[in-house]
Amino acid sequence: MTPDERLRRIADYRARTVSGALIDMVPMQPQHTEAVLALRNADDVRFNLAQTTVLTADQHDGWYRGYLSRNDDIAWMIKRSGGDIIGTIALYAIDPDGKTAEKGRQVVDARARMQGPFTVESELMVLRIAFEALAMERVLATIRPENVKVISMHQRIGFRYSRAIELRSTPYGEYALERRDFNPAPLEKLLQHWTDRNERTAG
Amino acid sequence: MNAPPVEQIFAEVLGLPIEEITDDLSYDTVPEWDSVSHVTLIAILDETFGLRIDAEDAGEMNSVGGTKRILAAKYGVR
């Protein structure tokens, strides 16, 4: 894939909703500010993102203006299919030459996390976009060592620890997933179970 | 065929010895109990006991003891 084609596809994803079995990933827009603040200012999220102060609307809006000026970043809101906003996720620092991209800014409401495989589905959808639609070679994730549950989930997907790094004066671990190691099949089987049970209930 | 006890399902999903599966064991205290293992757990409880655990109840099943209480009170699993 050429860099121009990759940039064209990134622009396309920044402008349209991507639907999965249980969630929709909606491009982040100004009207989502209130939802973003509610998610980002939860205590556990502030700790995991090393966010020392409460995020304000002005700060988020400033960040959003910067986001609009970039062409290597896709930020989504996670919505339950036909329902409420439950989180955020992003693919950013997308190398136009296809070497690496970073997955992050992932926040899923603590209660929703336990009510269905929304975190898993958003992970798999973003990784499919990275590896299949954008043909990236490697996806990176940076995770605080204390965030054992997120580390555990990434390892199940195939991420491997690569190195220690520091962000905002806080130690983090960098985890990497190579395209050849991406094996969504076991988790897709789990998603299928939840899709089937929801369809049975709806029927 | 008898269904396995709830503790055995927890042990298999979390990859822990059955001796460590006590009522006090909770989502907050066990690294292995992450969001993937939680939804796996709900799926296996569904299949094992022929249930369709409600999403609200799934959200409340954050300890072994709490899970057993909800299964007994709302789904008749003992």
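Every value quoted in this text rests on a predicted model; they were computed, and no experiment measured them. Along every chain, residues carry numbers that run from 1 in the direction the sequence is written. Here chains are named by letter from A upward and ligands by number from 1 upward, in the order in which they appear as written. Where totals are concerned, whole chains, interfaces and linings use all residues; where local detail is concerned, this predicted model gives features only for residues with pLDDT of at least 70, and gives and counts side-chain atom pairs only at 80 or more. Hydrogens and water are ignored here; the side-chain numbers use all heavy atoms of the structure.

Draft legend 1. Focus on the pattern of salt bridges. By convention in these notes, a salt bridge is any Lys or Arg side-chain nitrogen within 4 Å of a carboxyl oxygen on Asp or Glu. With the rule as written, the count across this model stands at 19 salt bridges over all chains. Between E56 of chain B and R111 of chain A there is a salt bridge, and its shortest N-O distance comes to 2.8 Å. Here R111 of chain A lies in helix α5 (residues 110-115) and E56 of chain B lies in helix α3 (residues 55-60), a pairing that spans two chains. Note on classification: 1.4 Å probe, protein chains only; a residue is buried when its accessible area is under 20% of the maximum for its type, exposed when over 50%, partly exposed between these limits. On the basis of relative accessible area, E56 of chain B is assigned to the partly exposed category, the value being 42%. Residue classification places R111 of chain A among the partly exposed residues on the basis of a relative accessible area of 35%. Residue E7 of chain B is joined to K68 of chain B by a salt bridge in which the shortest nitrogen-to-oxygen separation is 2.6 Å. With E7 of chain B in helix α1 (residues 6-14) and K68 of chain B in helix α4 (residues 64-75), the pair connects residues that are 61 residues apart, well separated along the chain. By relative accessible area, which is 26% here, K68 of chain B ends up partly exposed. Look at the salt bridges and you will find they share partners, linking E5, R8 and R9 of chain A into a network. By the criteria applied, helices consist of DSSP H or I runs no shorter than four residues and strands consist of E runs no shorter than two, each listed in order from the N terminus.

Draft legend 2. Representation of the pairing of strand β5 (residues 100-108) of chain A. Residue and element names in this part refer to chain A. The pairing criterion is simple: DSSP has to find at least two bridges between the two strands. Of the strand pairs in this sheet, strand β4 (residues 85-92) and β5 are connected by 5 bridges, and their pairing is antiparallel. The partner of G87 across the bridge, within β5, is V108. Strand direction decides the pairing type here: β5 and strand β6 (residues 138-143), joined by 3 bridges, are parallel. When the bridges of β6 are listed, E102 appears paired with L140.

Draft legend 3. Local environment of the layout of surface pockets. Buriedness of a pocket was judged along seven lines, with at least five required to meet protein on both sides within 12 Å; pockets are open sets of points on a 1 Å grid over the protein atoms alone, cavities are sets where a 1.4 Å probe fits but cannot get out, and lining residues have an atom within 4 Å of a point. Grid points are joined across faces, edges and corners, and a volume is the space filled by probe spheres set on the points. For the second largest pocket, the calculated volume is near 210 Å³. What lines the second largest pocket is a set of 14 residues, and nearest its centre among them are R80, Q115, F118 and N198 of chain A together with A55 of chain B. Mapped onto the lining of the second largest pocket, the elements with two or more residues apiece are α8 (185-202) of chain A together with α3 of chain B. Of the residues that constitute the lining of the second largest pocket, the class distribution is 6 nonpolar, 4 polar and 4 charged. Under the scheme applied here, ten amino acids are nonpolar (Ala, Val, Leu, Ile, Met, Phe, Trp, Tyr, Cys and Pro), four are charged (Asp, Glu, Lys and Arg), and all others, including Gly, are polar.

Draft legend 4. A look at helix α4 (residues 57-69) of chain A. All names here are of chain A. In this analysis, the expected span of each helix is defined as 1.5 Å times one less than the number of residues it contains. In this model, α4 (13 residues) spans 19 Å end to end at C-alpha, consistent with the 18 Å of a helix rising 1.5 Å per residue. Inspection of α4 places H60, Y64 and Y67 among the buried residues, and these make up the whole buried set. Taken end-on, α4 shows its buried residues confined to a sector of 55 degrees, consistent with a single buried face. The exposed residues of α4 that point more than 90 degrees off its buried face are D58, R65 and S69. Two residues qualify as a contact provided that any one of their heavy atoms is within 4.5 Å of a heavy atom in the partner residue. Elements in contact with the buried residues of α4: α2 (33-40) and β3 (74-80). In this description, one arc is meant: the one made by directions from the helix axis to the C-beta atoms.

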